[in-house]
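# Remarks on the overall topology
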Amino acid sequence: MMSHRSLLSRRAQTLVIAVAAGSLALTACSKNEGGKSGTDSKKDQKEAAVQSKAVEYLGAADSTGPAKDVAGAKSGGTIQIYQETPLTHLDPGQIYVSDAGQIANLLFRRLTQFQEDDKGNVSVVGDLATDSGKSSDGGKTWTFTLKDGVKDQNGNVITSADVRHSVERLYAKFIFDGPTYLQTWLSGADYRKALPDGGFGSKHLPASVLDTPDDKTVIFHFDTARPDLPQTLAMAGYGIVPAKTDTKANYDKAPVATGPYKIASSKSGKSLVLVKNTNWDPKTDSVRHQYVDGFNFAFGITESTQTKRLIADQGDSKNAMQFTGSVDATQIQDVVKNTETYKRTIKGYQPYVMTLTFNLDRVKDKKVRDAITYAVNSKSLIAGEGGAYGGDVAPNLFAPTLPGYEATYDPYGRLKTPQGNIAKAEEILKSVPAAEKKVVFAYANTEAGQRRKVAIEDALTKVGFDVVSKEVDGASYYEQIGKLDNPYDLYITGWGQDWPSPGTVVTPIYDGDQVADGSSNYSHINDPKVQELIKKALTQQPTEAAKTWREAHHYILEKVNPAAPLWYTKQLQLFGSNIGGARYSSVSSYIDVTRLYLKS
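Conventions we followed
- Residues numbered from 1 in each chain as written.
- Predicted model: local features only at pLDDT ≥ 70, side-chain atom pairs only at ≥ 80, totals over all residues.
- Heavy atoms only, no water.
- Helix = DSSP H or I, 4+ residues; strand = E, 2+ residues; numbered from the N terminus.
- Rg over C-alpha atoms; globule rule 2.2 N^0.38 Å.
- Buried < 20%, exposed > 50% of the residue type's maximum accessible area, 1.4 Å probe, protein only.
- Areas by Shrake-Rupley, 256 points an atom, 1.4 Å probe, with all protein chains shown as cover.
- Lys, Arg positive; Asp, Glu negative; His and termini not counted.
- Charge placed at Lys NZ, Arg CZ, Asp CG, Glu CD.
- Contact = heavy atoms within 4.5 Å.
- Polar contact = N/O pair within 3.5 Å; in protein donor to acceptor, adjacent residues only side chain to side chain.
- Pairing = 2+ DSSP bridges.
- Axes fitted to C-alpha atoms, helices over the stretch in contact; angles between N-to-C directions.
- Salt bridge = Lys/Arg side-chain N within 4 Å of Asp/Glu carboxyl O.
- Core = buried A, V, L, I, M, F, W, Y, C linked by side-chain atoms within 4.5 Å.
- Parallel < 35°, antiparallel > 145°, perpendicular 65-115°, else oblique.
- Left-handed = near helix turned anticlockwise from the far one by under 90°.
- Nonpolar A, V, L, I, M, F, W, Y, C, P; charged D, E, K, R; others polar.

Looking now at the overall build of the chain. Helix and strand content of the chain: 17 helices and 20 strands. Computed over the C-alpha atoms, the radius of gyration of the chain is 22 Å, within 12% of the 25 Å expected from 2.2 N^0.38 for a compact globule of 600 residues. Taking the principal axes of the C-alpha coordinates as reference, the chain spans close to 70 × 55 × 40 Å. Per-residue burial for the chain yields a buried fraction of 64% across its 600 residues. Here the chain displays about 21200 Å² of accessible surface, and carbon together with sulfur accounts for 49% of that area. In the chain, the 70 positive side-chain charges and the 68 negative ones have mean positions that sit 3 Å from each other.

If you want it as structure tokens, here you go:
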């Protein structure tokens, strides 16, 4: 689904795309509220497999609003949001990190949208479109018809021209932080050259690529079949930006809403207030609700403070919730041991793999990378995330939620020595010059970032590394490490599948064509063999492609080693006793914000 990037993972974007307060996440699919994510890792991983199921594309009947009522839902009131770091972006085209992806579900609509049921099953429906899309020409051509009566917050009707504009502006240089699937599929890896001014001038993409024959029709033409397009277009990064009110690079500051809520006020780094968008018509929306009057975001509240307030459940905290933060690791036992408090949690396996990523432009000696991979202490890092409720040891780069996951594939012995293999690391380092043992580690200035810093420093120092730790602002963490000329050797990153396919993991992170400022290829890996395998897999049918993705995965981890696998993430979030409708979202990996209400 989407990849959520975050300080937890980027993601995510995936969707996801990774973690604001220690748990932003790149956007992706996750388990539903019904999961009992906790101390039984094997059971958790088995339950996580629901996310690897194929996503069904639904037609007009399922795409027509209003959304199915939430049992017991009431209207009115304002939900308080506790968040540690400010939101990374509000411009849809820049959204690929989980905090922004989460708020996008309230503010922005796209051509398609993910819909999930109470069992965690995910499908794709039409959002602005009447259905999830119609393919022809062997899957190379996709046609979408826009619904009647969809308007932006200013009352302007959304037309095919707005869709065209929203696609073309992604080619502009000021858009640097969002997904690139659609652009590269339409115009190749060097897509910006096809439309340097992002459609703001007189030049547009030709009808042979993107056709809008009338106000209600949008047609995409690709040079090869793109069966995943409906899932791609459901990503927050492909939300609609109305052409009339696009302020280009300044759009991040005051975007125009098409969803059930709009921005009433914003104080940078301090607060954000959302109120009802009166021009949103529930009859056109089969996914979202508009039960509460609004959401008040308070930034700068650490996860430990969030957790204390929500455990106490007094005053306004009864109407409050965590947004992309998680229960503070040191207070998890206080939450899970109290029956009444534990009832106010959502939990599940996330799709993210947290890794210690190497900047290959700086850490060029594979022996150094291998030594660090053996030395890192997954056990200590997971303890900092809350132990078994926060994550499981990751032996490789694929998550349990991903098709093709191999639970026993463990080339660096992570499962046998989760605390690190000191002897093996020291043995490798014997032939490494002293100058190469000094490494610069970047960490986010959040509570979670601080804990991770201590764990990394401790593990690497034990085997003889001189670790220089550099603090990075949490809100711009991925932006800073995403610069090609960044001054860091190592940084923790996370990634979750954009939808159930290894291609949405291998391609964004390990494709040499993605080496660029703002790209998710944080290691800067550009290996001919990897490139060859990616190109091969993308042209194969699913069964054959699965074998090729597996070969690519093994080659990347064993022969290149651009990132040391650390842990798979789990989610545990807390909300106030007056909040109703809370469930774990199989799409966002957080509380499903599209269906919340206040009980009184």
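Right, let's talk about the environment of aspartate 527 for a bit. Within the fold, aspartate 527 resides in the loop between α15 (503-510) and α16 (528-538). Sequence separation between aspartate 527 and serine 476 is 51 residues, and the spatial gap between their C-alpha atoms is 28 Å. Not counting the four nearest positions on each side in its chain, aspartate 527 is found in contact with Tyr555 and Val560. Polar contacts involving the side chain of aspartate 527 include one to the side chain of tyrosine 555, which spans 3.2 Å.

The next point concerns the sheet that holds strand β18 (residues 563-574). Pairing in this open sheet of six strands is mixed, and the strands run β14-β18-β13-β17-β15-β16 from one edge to the other. Each end of this open sheet is capped by a strand with a single partner; those strands are β14 (391-393) and β16 (466-472). Looking at each pair of strands side by side, their axes are set apart by 35 degrees on average, direction ignored.

Applying the stated criterion across every chain, the model contains 26 salt bridges. Close ionic contact of lysine 216 with aspartate 148 constitutes a salt bridge, the shortest N to O distance being 2.2 Å. Taken together, the residues span a long stretch of sequence, with lysine 216 in the loop between β7 (210-214) and β8 (217-221) and aspartate 148 in the loop between β6 (141-145) and α4 (160-168) at a distance of 68 residues. Note on lysine 216: relative accessible area 27%, which makes it partly exposed. Taking the relative accessible area as the measure of exposure, aspartate 148 reaches 59% and is therefore exposed. One network of salt bridges, with partners in common, ties together Arg109, Asp127, Asp285 and Arg288.

Another point: the nonpolar core. Residues Phe220, Leu356, Ile372, Leu460 and Phe465 are the most contacted members of the largest nonpolar core, which totals 102 residues. Here this core takes six residues from strand β15 (residues 438-444), the largest share from any one element. If we ignore the near neighbours within four places in the chain, the residues touching leucine 460 are Ile372, Ala375, Val376, Val439, Phe465, Val467 and Leu490.

Judged by how many residues are buried, strand β17 (residues 490-496) sits mostly within the fold: seven of seven residues are covered. Note that strand β13 (residues 345-358) and β17 share seven bridges and pair antiparallel. Across the sheet, the residue bridging to leucine 356 is isoleucine 492, located in β17. Both β15 and β17 contribute to a ladder of two bridges, which runs parallel. Within the sheet, the bridge partner assigned to alanine 442 lies in β17 and is tyrosine 491.

Moving on: α4. With eight of its nine residues buried, α4 lies for the most part within the structure. By the burial criterion, the buried members of α4 are Ser160, Asp162, Val163, Arg164, His165, Ser166, Val167 and Glu168. Those residues of α4 that are buried lie in contact with α5 (181-187), β7 and β8.

It is worth spelling out helix α3 (residues 98-107) at this point. A large share of α3 lies buried, amounting to ten of its ten residues. Along α3, the residues that are buried comprise Ser98, Asp99, Ala100, Gly101, Gln102, Ile103, Ala104, Asn105, Leu106 and Leu107. If you follow the buried residues of α3, they end up packed against β3 (112-116), β9 (261-267), β10 (271-276) and β11 (294-298).

Our focus in this paragraph is the packing of α16 against helix α17 (residues 542-560). It is the contact of α16 with α17, at a shortest axis distance of 9 Å, that shows an interaxial angle of 165 degrees. By the criterion of interaxial angle, the relationship of α16 to α17 is roughly antiparallel. Seen from above, α16 lies across α17 with left-handed handedness. The residues of α17 that touch α16, namely those facing Lys529, Val530, Leu533, Ile534, Lys536, Ala537 and Leu538, are Ala545, Thr548, Trp549, Glu551, Ala552, Tyr555 and Ile556. Classifying every residue of the contact of α16 with α17 by side-chain character gives ten nonpolar, one polar and three charged.

Two faces, one strand: in a regular strand the side chains alternate between the faces of the sheet. Bridging between β7 and β8 involves three bridges; their strand directions are antiparallel. Looking across to β8, one finds that aspartate 214 is bridged to threonine 217. Between β7 and the antiparallel strand that follows it, β8, lie two residues.

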